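This is what each chain is made of:
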2 protein chains.
Amino acid sequence: MPIQLALNNMKQSQLFSKTRRHSPKDETAKNAELLIRAGFIHKEMAGVYSYLPLGLRVLNKIEGIIREEMNALGGQEISMTALQEKEIWEKTNRWDDSLLDNWFKTKLKNQTELGLATTHEEPLTRILLEYVNSYRDLPLYIYQFQTKFRNELRSKSGILRGREFLMKDLYSFSRDEKEHQDFYEKSKKSYFKIFERLGLGEKTFITFSSGGSFSKYSHEFQTLTEAGEDTIYLDEKTGIAINKEVYSDDVIENLKLEKSNLKELKAIEVGNIFSLGTKFSEGLGLNFKNEEGKDVPVIMGSYGIGLGRVMGAVVEVLSDEKGLLWPASIAPFEAHLIIVDSKDGEIRAEADSFYEKLSKKFEVLYDDRDLRAGEKFADAELIGIPYSLIISKKTESEGKIEVKERKSGKSVLVEKNKVLSEGFSKLF
Amino acid sequence: MPIQLALNNMKQSQLFSKTRRHSPKDETAKNAELLIRAGFIHKEMAGVYSYLPLGLRVLNKIEGIIREEMNALGGQEISMTALQEKEIWEKTNRWDDSLLDNWFKTKLKNQTELGLATTHEEPLTRILLEYVNSYRDLPLYIYQFQTKFRNELRSKSGILRGREFLMKDLYSFSRDEKEHQDFYEKSKKSYFKIFERLGLGEKTFITFSSGGSFSKYSHEFQTLTEAGEDTIYLDEKTGIAINKEVYSDDVIENLKLEKSNLKELKAIEVGNIFSLGTKFSEGLGLNFKNEEGKDVPVIMGSYGIGLGRVMGAVVEVLSDEKGLLWPASIAPFEAHLIIVDSKDGEIRAEADSFYEKLSKKFEVLYDDRDLRAGEKFADAELIGIPYSLIISKKTESEGKIEVKERKSGKSVLVEKNKVLSEGFSKLF
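Source: prediction; values computed, not measured. (Residues numbered from 1 in each chain as written. Chains lettered and ligands numbered in written order. Predicted model: local features only at pLDDT ≥ 70, side-chain atom pairs only at ≥ 80, totals over all residues.)

Novice: Describe the overall build of chain A, and please don't skip the residues or the numbers.
Specialist: In terms of helices and strands, chain A carries twelve helices and 22 strands. For chain A, the C-alpha radius of gyration of 24 Å lies close to 22 Å, the compact-globule estimate for 428 residues. A buried classification covers 49% of the 428 residues belonging to chain A. Restricting the contact set of chain A to residue pairs at least 6 apart, pairs at least 24 apart contribute 70%. (Helix = DSSP H or I, 4+ residues; strand = E, 2+ residues; numbered from the N terminus. Rg over C-alpha atoms; globule rule 2.2 N^0.38 Å. Buried ≥ 20, exposed ≤ 12 C-beta atoms within 10 Å, placed from the backbone. Contact = placed C-beta atoms within 7 Å.)

Novice: Explain the domain arrangement of chain A to me, and be specific about the residues and the numbers.
Specialist: Interface size is commonly expressed as the accessible surface area that is lost when the partners come together. For chain A, the assigned domains are domain 1 (27–318) and domain 2 (335–422). A separation of 40 Å is found between the C-alpha centroids of domain 1 of chain A and domain 2 of chain A. (Domains from an automatic or database assignment.)

Novice: Could you give an account of the interface of chain A and chain B, with specific residues and numbers?
Specialist: Counting residues at the interface gives 50 residues for chain A and 50 residues for chain B. Sorting the residues of the side of chain A that touches chain B by element identifies β2 (41–45), β3 (48–51), α2 (53–72), β4 (76–77), β5 (83–85), β6 (104–107), α4 (121–129) and β8 (140–149) of chain A as the ones contributing at least two each. Among the elements that line the side of chain A that touches chain B, the one with the most residues is α2(A), at eight residues. Tallied by class, the residues present in the side of chain A that touches chain B amount to 26 nonpolar, 13 polar and eleven charged. (Nonpolar A, V, L, I, M, F, W, Y, C, P; charged D, E, K, R; others polar.)

Novice: So what about the packing of α2(A) against helix α8 (residues 307–318) of chain A? Which residues, and what values?
Specialist: Residues and elements named next belong to chain A. For the pair α2 and α8, the least separation of the axes is 10 Å and the interaxial angle reads 110°. Judged on the interaxial angle alone, α8 and α2 are roughly perpendicular. When you trace α2 past α8, the crossing you get is right-handed. Facing α2, whose interface residues are Val58, Leu59, Ile62 and Glu63, α8 presents Leu307, Val310 and Met311. (Axes fitted to C-alpha atoms, helices over the stretch in contact; angles between N-to-C directions. Parallel < 35°, antiparallel > 145°, perpendicular 65-115°, else oblique. Left-handed = near helix turned anticlockwise from the far one by under 90°.)

Novice: How would you summarise helix α9 (residues 345–361) of chain B if you had to cite specific residues and measurements?
Specialist: Residue and element names in this part refer to chain B. In a regular helix each residue adds 1.5 Å, so 17 residues correspond to 24 Å; α9 covers 25 Å between its end C-alpha atoms and thus fits that length. For α9, the full list of buried residues reads Ala351, Phe354, Tyr355 and Leu358. The arc that holds every buried residue of α9, seen down its axis, measures 115°, which confines them to one face. What points out from α9, more than 90 degrees from its buried face, is the exposed set Gly345, Glu346, Ala349, Ser353, Glu356 and Lys360. In the core, the buried residues of α9 are packed alongside β18 (335–339), β19 (364–367), β20 (387–391) and α12 (416–422). (Expected span 1.5 Å × (residues − 1). Arc of directions from axis to C-beta.)

Novice: Summarise the sheet that holds β6(A); cite the residues concerned and give the values.
Specialist: All names here are of chain A. Taken in spatial order, the three strands of this open sheet run β5-β7-β6, and their pairing is antiparallel. Single-partner strands in this sheet number two, and they are β5 and β6. Mean inter-strand twist for the sheet, computed between neighbouring axes without regard to direction, equals 45°. The pairing of β6 with strand β7 (residues 113–116) spans four bridges and is antiparallel. (Pairing = 2+ DSSP bridges.)

Novice: Give me the relation of the copies chain A and chain B: which residues, what numbers.
Specialist: Least-squares fitting of chain A to chain B yields an RMSD of 0.0 Å, with the transformation described by 0.0 Å of translation along the axis and a rotation of 180°. Accordingly, the operation relating the two chain copies is best matched by a two-fold axis. With an isologous cut-off of 70% or more, the 100% of interface residues of chain A that recur at the interface of chain B puts this contact in the isologous class. (Least-squares fit on C-alpha atoms with pLDDT ≥ 70 in both.)

Novice: Account for the environment of Asn60(B), naming residues and giving values.
Specialist: For Asn60(B), the location among the structural elements is in helix α2 (residues 53–72). C-alpha separation for the pair Asn60(B) and Ile330(B), spaced 270 residues apart in sequence, amounts to 8.3 Å.

Novice: So what about the packing of helix α1 (residues 30–37) of chain B against helix α8 (residues 307–318) of chain B? Which residues, and what values?
Specialist: All names here are of chain B. Interaxial distance between α1 and α8 falls to 9 Å at its minimum, and their mutual angle equals 95°. The angle between the axes of α1 and α8 places the two elements in the roughly perpendicular class. Residues Lys30, Asn31, Leu34 and Leu35 of α1 form the contact with α8, whose participating residues are Gly312, Val315 and Glu316. The residue makeup of the contact of α1 with α8, split by class, is three nonpolar, two polar and two charged.

Novice: Provide a residue-level description of helix α1 (residues 30–37) of chain A, including the pertinent values.
Specialist: Residues and elements named next belong to chain A. Here α1 lies mainly inside the structure; six of its eight residues are buried. Residues Asn31, Ala32, Leu34, Leu35, Ile36 and Arg37 constitute the buried set of α1. In the core, the buried residues of α1 are packed alongside β2, α2, α8 and α10 (373–383). A positive phi of about 80° marks Gly39, the residue just after α1.

Novice: Tell me what's going on with the pairing of strand β10 (residues 204–210) of chain B, and back it up with residues and numbers.
Specialist: Along a regular strand, successive side chains alternate from one face of the sheet to the other. All names here are of chain B. Here β10 lies mainly inside the structure; five of its seven residues are buried. Pairing of β10 with strand β13 (residues 240–243) involves three bridges; the strand directions are parallel. Paired with Thr207 across the bridge in β13 is Ala241.

Have a look at this one:
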C-alpha cells in the first residue's frame, strides 16, 4: 500500500482558512502577501511560516515531484535530525559562529551545547562510517526532506528566505573524480527536469557560482524574478549564467562566453549543486578500501532544493493581478468546483452529486458556500487552482457545466459526463 | 495524483544500511538495540535518532495510518513551526523554564529569545484568531505531523522517549462542553482503531491520568510492556486502567472499579487526549460570537501520538529473540524476496524476473546479494518483514516458491503464479 494523502477532496465551507481582501501590513514580499491573503500560510515571525491546509498540499506535491526524481537518480531516502553535536562539526571546522555564521545554538539541561542543523554533510558522513568500508559499498546517493534552521540576520522575502524551512538535500559518495562527475552531470539533468515539472522550467538557468574551498565552481539553478536576492549575468543563447559573486573577465573567458551577450538580471536561487571533494570525508575519516586495497577518502557532493523557496518562486513568477496561479503539477487541487445559485435546492443537489462523482477521479475543492457568485469567483482566482468548474441555474438549464481556465480566463460549456470521462485540462 | 512514496521496491545489494550481529554498547533499550542492529535507525546522541531507509518507511506507514484516521475524524492537516516566540507562551504562563521544564531555548542574532516547540496549543490558537469569529466557524479539528523538541533530563529508552521526535498532534475547537465531549469520545474510538491497525490493539488500554489544571482526568493510551516508563493499574475485565500518578482509593471508587481486580503493570504511553477547557483560548483571546451574539471563549482539546514512540512500542511488544517482527500494516516492505544459490545464472535470472513481476503488485525488498543462505535468512529474521519468499535450486526444481511467515516460522511451497495473483498473506 503506497502512502498517500488520504483526503482527495474538501468542501470549502469546512476549510478553516479564509481569503482576505487586504494584504498583511508586515509583509513586503509578493509571495508572502498573496499566500497569506489566500490562506495558504501563516506568519509566525519574520522568516518563519506555518503551512495551512492549502499551502501544505502544495508543499507536499513539490516534495512528491522531487522525491520521484531523487529516486530515479538512485537516491535512498532517510531522515536526519535537527539537533547536532558540537564534536562532528568541530572536526570539519564548521562549529564556530565565525566560520558558519547562521547557527541557532541551544543547550541540554547539563549545559552541553547543541546546534540546529543548517545542513547535513557532517552527520551523514558520520552515519556512513558505520556502513562504508570497501569500494563495493559505493557509490551511494542519500537524501532527505528535512527542516533546516538558519539564523539569518534579516528575513523579509517571505518564504523565499526562511529561518526555518523544508529542504531536500541529497549527498553523493563516489569512489573517484570521474564517478563523481558523472553523477554531478546526471544531477543537473535531474534538476532541470524537476524545475520543468514545477512550472519554473522556462525561467530557470544554470548559473556558475563560487565553489567555496571545495572546487572552482558550484552550480546554482536561478529563477528569473525581480523578487530575487541574487544578481546573475545570463547568456540567453546558451542559457548559461554567472552569479555576480564570481563575475569577472577571467570567468567569462573561462566559460567561453561573450561579455556583450550577458544580461544583468535579478534571480532567486531555487537549487544548488556542490562538489565537496574530500573536505568532509577527510575531516570525519570516511575512507574506503579501493580495488588495490588502499584506504582512500570518499569524494562527496551535495545537492539542495529549498521547498518553500520553490513555492515562493512559483508565486513570484506565475501569479497575476488576480492572485495565485498554480501549475497543475503542484496545485492544491486539480479542480475548483463552484456552485452558483446554491440556495436553489435542485442546483445544490445536482452540484453535490457531481462533486461525489468528480472526487472519485480528481482532487476537488468544492466551493459549496452560500455566497455571491462574484465573491466566489474572486476567491477562486486568488486561490489559483488551474480549472474552475461552475454549476449554476444557467449551466443546468443547458445540461452542461462551465469549465474555466484560471490562466487564460477562457471558459467553455461542456457536457458533465465528458468532464467526468475526459477531464478538463485538454479543453483549452 | 495522490502523493506517495515513489519507491515500491528495493534491492538489498543497493541498500546502504547493513545488519550487525552485535548490539551497540551504548544502548540499554531493546527497541534501539534491535533497530540499530537491523539498520533502521542511527543514534546521533541520547534521545536523538536519524531514520535510515527501512526505519523511515515504517515511520511513514505509521504516519499514513494516523493521517487516514485523523481525516476520518474531520481533521484538517497543517504544518506549524519549531521556532516559537516568547510572547504567546507568556500569555498562557508556559514560557518560564520553571513552569514548562523541557524547553530548548535559542536566540536570534539580535538576541531575541526563541523556543523550540514542545507542543503547539499556543501557536495554533493564535492562528485561529485570524479565522474564527462566529459560531458558524466552529467546530474545528486541526492536526499536524511535526517534530517536537523536549529537553529531557535523561533519555535512555531508545526511541520511546526522544529529545527530538515526530508527533501527530490534533487540536479540537468546540463551541460548548457537549460538542467538545462528543468529539472527545469519538477521538477515543479513533485512537483504539489506530492502535489496532498499528498492531498494538491487544496490549493497549485506556488509562485515567491527571487532567492537569484543565480537567479532572486526561486519558492516556498505555501499551503494556516491561520497557514502559509508566506504572498503571489495570482492570482486565473492563480494560480500564489508572495511572499510578492519580491512583488512589477515591479515584478507584470514582471510576467504579474494584481495588482487588487491579493489576500493577509497566506500560508505555503511546497516545494521550486532553480536555483543555478555555485555558488557551482565554490566555490568547480566542473568542467567538455564539448564536445569541455573545462573545465566549472556545473550548479546546488536544490529542497526541508520538510516532517514534509507537514504532518503539511495536518493537518492544512484538519482536522476538530472532529480531524485529512487523505487523503487515507498517512493515517496511510487504515481502522479502530471497534468492538462494544466487551464483547459479538460471536461478538468478528466474529470481530477477520474479522480482519484476512481484514488484508490480507488492512492495518488495529483494535480497539479491551473493551471501550464504543462512546469513540471508538470519538477516531477514532480524529485519522482520512478515513474509519471506525464497527462490532456490530446490524450489525451482519443483516449479514453486517457498513462502515463509516470520511470525510462526512456518513455510509452504506454492506455485509462483498463485503468489502473484493471490498474494501470500492468506497462506497461513
